[in-house]
Amino acid sequence: MPPGPDPETRSWASAAVRRFAAVTNLLVAARRFRIVGGDPRDASALHGLLTGLGARPAADHEPIDQLWCLGSPEDSTPVIEREADRPRGATLIVIDAGRHLPAVDEDAFGPVVTARPGVLGVPMLSDDVFLVSTGRDPEDDPAADDRLRWARRSMPVSRAVAAELRDGGLLRGTRIGVAMFLEPKTAVLSLLLRDAGAEVVVYAHADETDDAVAASLRAAGLTVHASSTATLAEQKALALAMLDTRPHIVLDDGSHVIRLAHQERPDLLPTMLGAAEETTSGLRPLRVMASRGQLGIPVVAVNDARTKTFFDNRYGTGQSTVFAVLDLVDGLPSGMHRVRSGGAAVVAGFGHVGEGVALVLTALGFRVTVAETDPVRALQALFAGHAVAPLAEAVQDADLVVSATGVADTIDLRVLRSCADGAVVAVAGGVDHEVALTEVRAAGAELRPVGPKAERLVFPGAESGPIVLDRGGCINITAAEGNPIEIMDLSFAAQLGAVRMLLERGDELERAVVPIDPAVDDATARTALAAFGARPVPPVHLAEHPADREPDVRTRRFGDPA
């Protein structure tokens, strides 16, 4: 077996791919790529990382989605010009990943324009070709309108479903409350609902609010109850203000607003068609409420849609969480932490989110150990090539610990005491208190700031300890821009399908957590296949038996039945 890339080259490839993802908020998995020029060892390391993350090298006859340029402008310019000849709407991202010098001459294609911070359009070459440099310093311009336009461009599936709702007139006179992480993708969802005929009211928690995006939505005429500086009491008042507009449907993330309506506005429930919930952790308490007869509206389990769980939870949260963690770690002083290329990582939980986190960590060169209490999932992790061990044991030698359970107190006092000095602890997705910091502080431990969204946990009598990121918050949301656009396009298409279900059948649905219509999954997947450049296979219908003849189910393995 040939040796893998050296640690320095692996770190360069990791940083280049993470920089691309941070600048564009786009997905790596499922995309067709080509690498141009550069040192063969660099190209090999980048190729291995991209394929490990689920991208695939394009065949000679195929169009490409991403062109990674490693060599000189002389290498890249003719390839860019050739690939720019493409069908309208087929996006090409050109990534200047030159390791030591620029690999793309941005002036070679005429004047450039800013498509979103860090992304340049080249309109004289093509409206569908964009340039990204992985070596340029990050931009902090909020540019909300640009980011909304960029997100909308990469959400063809949601656009198609919203267009059907608009053309059918189903949303006219319907008020919808959107209670999600307020960033460009959810803003696009809100605007698509508005354009399809709904009155839309938006709420978001303070730590999930991008104020520039909120201002952009207000400028577009939407009512937005959100502020990144709101106190806990103010957040509750904002959420109640949204509920006091008396929405017919609520789209929730974490089911906090759905539960608040039951607790504080029970008179609203009989007037609602229902709600939709898109997270595992949000469905869990709703199912308990339903089992107790306390759920007053039908709630569509968008999280359980195959086009949500298989992709959002695995590929979306996996990429966005691990990349956000490593970006934060890169900002810490050297020598302060243990995280390094080829190091040891522990993933707590091996549901779809844990699978995705482990996949990305493995692609980046980490040795992954999974801690999972479900023996079947633990066995699945073993078959996926990971070591399996109890959590408190596994973390002792770990450089990085990521909780992916969505269960409170997963990273408890015992686990944190077992972590090595300088180990980094983070949460993927998650719920409040997934890292048991209340228990830890009660035991006398201190949290000492060591960098942006990073604090060292120091127990009494100790001089050092593990580093906890963002106090155990949902790191891909609080320290980054959330899941990739294409992933949320699938999830929001499922949300829109849930809206259709509630509009058409809300009065008939049981006051419970109800599954999403399988037809929504099928339609979403077929539209997405086309958007990703694949040819969908037409649905196969089993031959029907004549109405006057029952199917013959007798076995013929032992000869013709008598």
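A short tour of the structure in this document, coming up. Numbering of residues starts from 1 in each chain and follows the order in which that chain's sequence is written. It should be noted that, the model being predicted, local features are given only for residues of pLDDT at least 70 and side-chain atom pairs only at 80 or more, the latter also being counted only at that level, while totals for whole chains, interfaces and linings use all residues. Side-chain numbers here rest on the full set of heavy atoms in the structure, without hydrogens or water.

1. What about the pattern of salt bridges?
(1) Moving on: In the sections that follow, a salt bridge refers to a side-chain nitrogen of Lys or Arg positioned within 4 Å of a carboxyl oxygen of Asp or Glu. For the coordinates displayed, the defined rule picks out 39 salt bridges.
(2) Moving on: Across the pair arginine 471 and glutamate 455 runs a salt bridge, and its minimum N-O distance is 2.8 Å. Here glutamate 455 lies in strand E20 (residues 454-458) and arginine 471 lies in the loop between strand E21 (467-469) and helix H17 (475-478), a separation of 16 residues in the sequence.
(3) Moving on: Ionic pairing is found between arginine 500 and glutamate 504, a salt bridge with its closest N-O pair at 3.4 Å. To qualify as a helix, a DSSP run of H or I must reach at least 4 residues; to qualify as a strand, a run of E must reach at least 2; elements of each kind are numbered from the N terminus.

2. Side note on a nonpolar patch on the surface
(1) Moving on: To count toward a patch, a residue needs a relative accessible area over 30% and no salt bridge; like charges are then connected within 9 Å, while nonpolar side chains (Val, Leu, Ile, Met, Phe, Trp, Tyr) are connected within 5 Å. Only the protein chains shown count as covering a residue, and every accessible area follows the Shrake-Rupley method with a 1.4 Å probe. Side chains of Leu379, Leu382, Phe383 and Val388 sit close together on the surface and give an oily, nonpolar patch of about 420 Å² of accessible area.
(2) Moving on: At three residues, the largest contribution of residues to the nonpolar patch is made by helix H13 (residues 375-383).
(3) Moving on: Tracing the backbone shows leucine 379 in helix H13.

3. Describing the layout of surface pockets
(1) Moving on: The calculated volume of the second largest pocket comes to roughly 1,000 Å³.
(2) Moving on: Every residue lining the second largest pocket is counted, 44 residues in all, and those nearest its centre are Arg19, Ala22, Val23, Ala480 and Glu481.
(3) Moving on: At eight residues, helix H1 (residues 7-24) tops the list of elements feeding residues into the lining of the second largest pocket.
(4) Moving on: Looking at the lining of the second largest pocket residue by residue, the classes come out as 18 nonpolar, eleven polar and 15 charged. Cavity: a set of points on a 1 Å grid over the protein atoms alone where a 1.4 Å probe fits but cannot get out. Pocket: an open set with protein on both sides within 12 Å along at least five of seven lines, its lining residues, like those of a cavity, having an atom within 4 Å of a point. Grid points are joined across faces, edges and corners, and a volume is the space filled by probe spheres set on the points. Each residue is assigned to one class: nonpolar for Ala, Val, Leu, Ile, Met, Phe, Trp, Tyr, Cys and Pro, charged for Asp, Glu, Lys and Arg, and polar for all the others, Gly among them.

4. Considering the sheet that holds strand E4 (residues 92-96)
(1) Moving on: Strand pairing is assigned whenever DSSP identifies at least 2 bridges connecting the two strands. Strand order across the open sheet formed by seven strands is E2-E1-E3-E4-E7-E6-E5, with mixed pairing between neighbours. The strands lining the two open edges of the sheet, one partner per strand, are strand E2 (56-57) and strand E5 (113-116).
(2) Moving on: Packed onto the sheet, H1 meets strand E3 (66-69), E4, E5, strand E6 (119-122) and strand E7 (126-133) and runs at close to 135° relative to E3. Whether two residues are in contact is decided by their heavy atoms: any pair within 4.5 Å suffices. Helix axes are fitted only over the stretch in contact, all axes being lines through C-alpha atoms; the angle between N-to-C directions runs from 0 to 180 degrees.

5. Considering empty space enclosed by the protein
(1) Moving on: Counted under the stated rule, the structure contains three cavities of 30 Å³ or more.
(2) Moving on: As a volume, the largest cavity reaches approximately 60 Å³.
(3) Moving on: Lining the largest cavity are Leu27, Ala29, Leu53, Arg314, Tyr315, Gln319, Gly356, Leu359 and Val360.
(4) Moving on: Listed by contribution, the elements that provide at least two residues to the lining of the largest cavity are helix H11 (306-330) and helix H12 (352-363).
(5) Moving on: Per-class residue counts for the lining of the largest cavity are six nonpolar, two polar and one charged.
(6) Moving on: Space inside the second largest cavity adds up to approximately 40 Å³.
(7) Moving on: Around the second largest cavity sit Ala179, Met180, Phe181, Tyr203, Ala204, His205, Glu208, Asp252, Asp253 and Val257, which together line it.

6. Digging into the side chain of aspartate 96
(1) Moving on: When you line up the elements, aspartate 96 lands in strand E4.
(2) Moving on: Within the local environment of aspartate 96, its side chain forms a polar contact with the backbone nitrogen of glycine 98, the two atoms lying 3.1 Å apart.
(3) Moving on: Setting aside chain neighbours within four positions, we find aspartate 96 in contact with Cys69, Pro102, Ala103, Val104, Val132, Ser133, Thr134 and Gly135. Two N or O atoms count as a polar contact when they lie within 3.5 Å, although within protein this holds only if one can serve as hydrogen donor and the other as acceptor, and sequence-adjacent residues are included solely when both atoms are side-chain atoms.

7. Comments concerning the nonpolar core
(1) Moving on: For this analysis, a nonpolar core means a set of buried residues of the types Ala, Val, Leu, Ile, Met, Phe, Trp, Tyr and Cys, connected via side-chain atoms within 4.5 Å. Buried, partly exposed and exposed residues are distinguished by accessible area as a fraction of the type maximum, computed with a 1.4 Å probe on protein chains only: under 20%, between the cut-offs, and over 50%, respectively. Counting 116 residues, the largest nonpolar core has Trp68 and Leu251 as the members making the most contacts within it.
(2) Moving on: Tallying contributions element by element places helix H18 (residues 485-505) first for this core, with 13 residues.
(3) Moving on: When sequence neighbours within four positions are dropped, the list of residues in contact with tryptophan 68 reads Ala16, Val17, Phe20, Phe33, Arg34, Ile35, Val36, Leu46, Leu50, Ile95 and Ala97.

8. Considering H18
Side chains of residues three or four places apart in an α-helix project in the same direction, reflecting 3.6 residues per turn.
(1) Moving on: Look at H18: 30 Å from first C-alpha to last across 21 residues, which is about the 30 Å you get at 1.5 Å a residue.
(2) Moving on: Counting buried positions along H18 gives 18 out of 21 residues, so the element sits mostly inside the fold. Expected span, for any helix, means 1.5 Å times one less than how many residues it has.

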